[in-house]
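Listed here are the chains, written in short residue letters.
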Amino acid sequence: MSTRVESVFDNSKLKSLLYSSFNIKKVKWGIFFKNTTLKLGVPAMAIVLFLAIWGAIATQIQTSLGELPGPSKVWEQTMVLVDEHVAERKKEAAFIKRQEKRNAVKLAKNPDAEVKIRPYTGKPTFFDQIMTSVYTVATGFFLASLIAIPVGIICGLSTTIYTALNPLIQIFKPVSPLAWLPIVTMIVSAVYISDDPLFEKSYLTSAITVTLCCLWPTIINTTVGVSSIDKDLINVSRVLRLNWFTKVFKIVLPASTPMMFAGLRVSLGIGWMVLIAAEMLAQNPGLGKFVWDEFQNGSSNSLARIMVAVFTIGLIGFMLDRLMLILQKSVSWDKSAVLR
Amino acid sequence: MSHLHLNISQVSIEFPTPDGPFKALDKVDLKIKEGEFVSLIGHSGCGKSTVLNIVAGLYQATEGGVILNGREVNEPGPDRAVVFQNHSLLPWLTAYENVELAVQQVFKGKKSMEEMRNWVEHNLELVHMEHAMHKRPAEISGGMKQRVGIARALAMEPEVLLMDEPFGALDALTRAHMQDSLIEIQARLNNTVIMITHDVDEAVLLSDRIVMMTNGPAATVGEILEVDLPRPRDRVGLANDARYNEYRAAVLKFLYERQHKPEEAA
């Protein structure tokens, strides 16, 4: 009897041992599989589902420009835009080569001859337009930050100045870029008069409109960040009798960096959205103008090309945000903070 | 040594509230000699910290005033260095840089760069923090942070060192360790110190005089106890010392018999 019990006991022990070792492996594989599925599989599945639904719906909608383009049509136009860019660059290279040749011949005949070097004036490609947009939004955002950060710091430090500026900030904050644009256009045309302009007027108009819409989140977040600094840290600066600049650079700025960056990121996101609208109306040669031109053009490929622009705008907006995140991580003193 | 160093003279303070002014302190009067270690003890909410903040210059007294070496105190300054309860180190600076900020501010133009560096290191060694000099506050323990806070205050060479429950947030063992360090530093530097505490043992162990405050509102000095124990003091040796226990009992009696806890009185 006892031996039997023993053997059963032994057997179960062995079994449980076997199972447990098997289970450990299974669980480990399970976790690995689960993690990979979550990180890559689930988003991939969501994208595939999205493309499928899009493709299915697109065939059902007939517009005056033909059937609404599905994913394959959009991909096709992406390739066309790449080809157009490559072709345009080839033409440019050829133009420059021809010009150099002509000038060299001219100089060989007469070393004192005046040679003219003309820039290539082909139409901007999709990729040139992307660059223009990024450059314009960077200018507008940079200008806005240059104004908004100091204003935010001063508002955070002084209740009087905050009380004075707050109504203005609250009133201007919700104003649409489309309302600013005519005013900015008129002011730029009136003030920026130059025979040899350094910048295009349309570029300035778009950049300033971006600035006007980018200011507010940074100002508000910086103000909140500065005014909520730990009172003890402010007392430390009072006991040490730090002067205003030392206080701002040693205590206020580092303490309010997280809030400031939260504001900057919102600002840049708004700026990018505003830019597309501003470019459409100001005819700044960027992505906004591309969309507008394609809309006016009204070819059977226009909608697909606009959709390429939509995805490009989205991707670049996402990349700009990641760029800010990297910047924030590099200047943040609190390396343990979770930033997303 | 025995001349009048710090005179807290008839200090009253009122804070404005929606229901009219609230009188937190009423005619607090205290004279402190140079090199004296004074503890302020009382139930929470009795205005101990307010007294300290007035001496620091962070608050302005409504009546009366504070005179340090014959000059009235009306703004904060490094001659009255404060050790805050929650260390108040700048989290983005290392221990060294935190002390350096104070040293550069106080000794600008008086010490060379080399001298300043030595002075920062000297003060960090004084609190036994030389091994973690280049760590940030987040990387060191609570006791270590408080040590750096003390080093920062000492490095300013203050006339008066003000400590607001410096060890209140620490566990009992770390606190005992910090008290021993403070005894050691005090023996070497002989600073004038005002320390706020709610720990009776801490008060008796460290102080020359214990100032017991009555409960607020309109709190004031209730009783002053001279602690006449020889220095250097040793916590283990004093545990069975009759006089030590008498002092302890006197403070406890004041706190729990004459001044009930505010909740019980209500």
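What comes next concerns the included structure.

Conventions adopted
- Residues numbered from 1 in each chain as written.
- Chains lettered and ligands numbered in written order.
- Predicted model: local features only at pLDDT ≥ 70, side-chain atom pairs only at ≥ 80, totals over all residues.
- Helix = DSSP H or I, 4+ residues; strand = E, 2+ residues; numbered from the N terminus.
- Buried ≥ 20, exposed ≤ 12 C-beta atoms within 10 Å, placed from the backbone.
- Contact = placed C-beta atoms within 7 Å.
- Nonpolar A, V, L, I, M, F, W, Y, C, P; charged D, E, K, R; others polar.
- Pairing = 2+ DSSP bridges.
- Expected span 1.5 Å × (residues − 1).

## Some points on the overall build of chain B
Here comes step 1: Of regular secondary structure, chain B possesses nine helices and ten strands.
Here comes step 2: The buried share among the 266 residues of chain B stands at 41%.
Here comes step 3: By sequence separation, contacts in chain B at least 24 residues apart represent 71% of the contacts at least 6 residues apart.

## Points about the interface of chain A and chain B
Here comes step 1: Taken together, the contacts link 15 residues of chain A with 17 residues of chain B.
Here comes step 2: Only helix 7 (231-239) and helix 8 (244-282) of chain A provide two or more residues apiece to the side of chain A that touches chain B.
Here comes step 3: Element by element, the count of residues in the side of chain A that touches chain B is highest for helix 7 of chain A, at six residues.
Here comes step 4: Residues of the side of chain A that touches chain B, tallied by class, amount to eight nonpolar, two polar and five charged.

## Overview of unusual backbone geometry
Here comes step 1: In this model, B:R231 is joined to B:P232 through a cis peptide bond whose omega is -5 degrees.
Here comes step 2: Here B:P232 is to be found in the loop between strand 10 (221-226) and helix 7 (235-238).
Here comes step 3: One non-glycine residue with positive phi stands out, namely A:R241, at about 50 degrees.
Here comes step 4: Within the secondary structure, A:R241 sits in the loop between helix 7 and helix 8.

## Here we look at the sheet that holds strand 4 (residues 63-68) of chain B
Here comes step 1: Taken in spatial order, the four strands of this open sheet run 2-1-4-5 (chain B), and their pairing is antiparallel. Strand pairing shows two members of the sheet lacking a second neighbour, strand 2 (20-33) and strand 5 (71-72) of chain B, which therefore form its edges.

## Some details on helix 2 (residues 95-106) of chain B
Here comes step 1: Its twelve residues give helix 2 of chain B an end-to-end C-alpha distance of 17 Å, which sits within 8% of 16 Å, the value for a rise of 1.5 Å per residue.
Here comes step 2: Counting buried positions along helix 2 of chain B yields nine of twelve residues, so the element is predominantly enclosed.
Here comes step 3: Within the span of helix 2 of chain B, buried status applies to B:A95, B:Y96, B:N98, B:V99, B:E100, B:L101, B:A102, B:V103 and B:V106.
Here comes step 4: Where helix 2 of chain B is buried, its residues contact helix 8 of chain A together with helix 3 (113-126) and helix 4 (142-155) of chain B.

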